[in-house]
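# Observations on the three-dimensional arrangement
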Amino acid sequence: DAGITQSPRYKITETGRQVTLMCHQTWSHSYMFWYRQDLGHGLRLIYYSAAADITDKGEVPDGYVVSRSKTENFPLTLESATRSQTSVYFCASNPHSSYNEQFFGPGTRLTVL
Amino acid sequence: DAKTTQPPSMDCAEGRAANLPCNHSTISGNEYVYWYRQIHSQGPQYIIHGLKNNETNEMASLIITEDRKSSTLILPHATLRDTAVYYCIVRGGGANSKLTFGKGITLSVRP
């Protein structure tokens, strides 16, 4: 009964390094989302995916890459991390687009030095 | 542009009702009002949603004004564990509509 999990929970990296944040859900939900949360900005949508191999940009996609080869996984990659990407990242899922509730993971706190 | 406006913070006493206001004066006919909350260091949690009728579930009640330009989330008997940031979100009903989180309102429940 894991639900939606994220790994790692905490990550410290250096500017310019590649970092991948993992998101895994056990419900076979079609839709998955990545948000970042910064002080003063609330949650902002980075990317989302309607199904395996279907992804689309959200509000703040620059500097991020996603893939969705399997329904249950939705990794988020920072190809060359910058300090402005220091944030808390949340993954979420829901069964289909008109379903009312999004289920959120516990978050990954990323620090870029 | 923010679709909703909420006061930044409020508090209430434990055991009393917490009434959290939200203005959404530009809401359109097919848009729903959603409420989520985020307890410190956790992911957001869905509370309730509505279109035009008042709604109630095990967590809260949602009162939407007749003109739909504002709403109130009611936690009938607030506990210390209800201390959180509460987000009021307007979301369309279409297939590609997304949740857009603003800054929310910080509710502090005092003993």
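Residues numbered from 1 in each chain as written. Chains lettered and ligands numbered in written order. Predicted model: local features only at pLDDT ≥ 70, side-chain atom pairs only at ≥ 80, totals over all residues. Heavy atoms only, no water.

### Here's the deal with the sheet that holds strand β5 (residues 55–56) of chain B
Strand pairing in a sheet relies on backbone hydrogen bonds, with the paired strands running either antiparallel or parallel. All names here are of chain B. A sheet is described by the order of its strands in space; here four strands give the open sequence β2-β7-β6-β5, paired in antiparallel fashion. The open sheet terminates on both sides in strands that have one partner only, identified here as β2 (18–23) and β5. When β5 meets strand β6 (residues 61–64), the two strands line up antiparallel, connected through two bridges. Paired with T56 across the strands is S61, a residue of β6. (Pairing = 2+ DSSP bridges. Helix = DSSP H or I, 4+ residues; strand = E, 2+ residues; numbered from the N terminus.)

### A closer look at the interface of chain B and chain A
Contacts between the two partners involve 17 residues from chain B, matched on the other side by 19 residues from chain A. Note on chain B versus chain A: buried area summed over both sides is about 1500 Å², and carbon and sulfur give 50% of it. It is P44(B), K98(B) and F101(B) in chain B that bury the most area against chain A; as a group they hold 29% of the surface buried on that side. Those elements that provide at least two residues to the side of chain B that touches chain A are β3 (31–38), β4 (45–50) and β8 (84–92) of chain B. Considering each element in turn, the side of chain B that touches chain A owes the most residues, three residues, to β3(B). When the residues that make up the side of chain B that touches chain A are grouped by side-chain class, the tally is eight nonpolar, six polar and three charged. (Contact = heavy atoms within 4.5 Å. Buried area = accessible area lost by both parts, 1.4 Å probe. Nonpolar A, V, L, I, M, F, W, Y, C, P; charged D, E, K, R; others polar.)

### What about the layout of surface pockets?
Residue and element names in this part refer to chain B. If you add up the space inside the largest pocket, you get close to 640 Å³. The element contributing the most residues to the lining of the largest pocket is β8, with three residues. Of the residues belonging to the lining of the largest pocket, the class tally is 10 nonpolar, 12 polar and four charged. (1 Å grid on protein atoms, 1.4 Å probe; cavity = no way out; pocket = protein on both sides within 12 Å on 5 of 7 lines; lining within 4 Å. Points joined across faces, edges and corners; volume = space filled by probe spheres on them.)

### Points about the sheet that holds strand β7 (residues 64–66) of chain A
All names here are of chain A. One open sheet accounts for four strands, arranged β1-β3-β8-β7; its pairing is antiparallel. Only two strands of the sheet have a single partner each, and these edge strands are β1 (4–7) and β7. Strand-to-strand twist in this sheet, taken as the mean axis angle between neighbours without regard to direction, amounts to 20°. Judged from the three bridges that link them, β7 and strand β8 (residues 76–78) form a sheet pairing that is antiparallel. Looking at β8, one finds that V65 is bridged to T77. (Axes fitted to C-alpha atoms, helices over the stretch in contact; angles between N-to-C directions.)

### Quick look at the pattern of salt bridges
Oppositely charged side chains may form a pair once their charged atoms are brought near each other. Inspection of every chain in the model, using the stated rule, returns six salt bridges over all chains. The salt bridge partner of R44(A) is D38(A), with a shortest N-O separation of 2.9 Å. The exposure class of R44(A) is buried, given its relative accessible area of 17%. Look at D38(A) and you get buried, because its relative accessible area is 14%. In this structure, the salt-bridge partner of R110(B) is D11(B), at a minimum N-O distance of 3.0 Å. (Salt bridge = Lys/Arg side-chain N within 4 Å of Asp/Glu carboxyl O. Buried < 20%, exposed > 50% of the residue type's maximum accessible area, 1.4 Å probe, protein only.)

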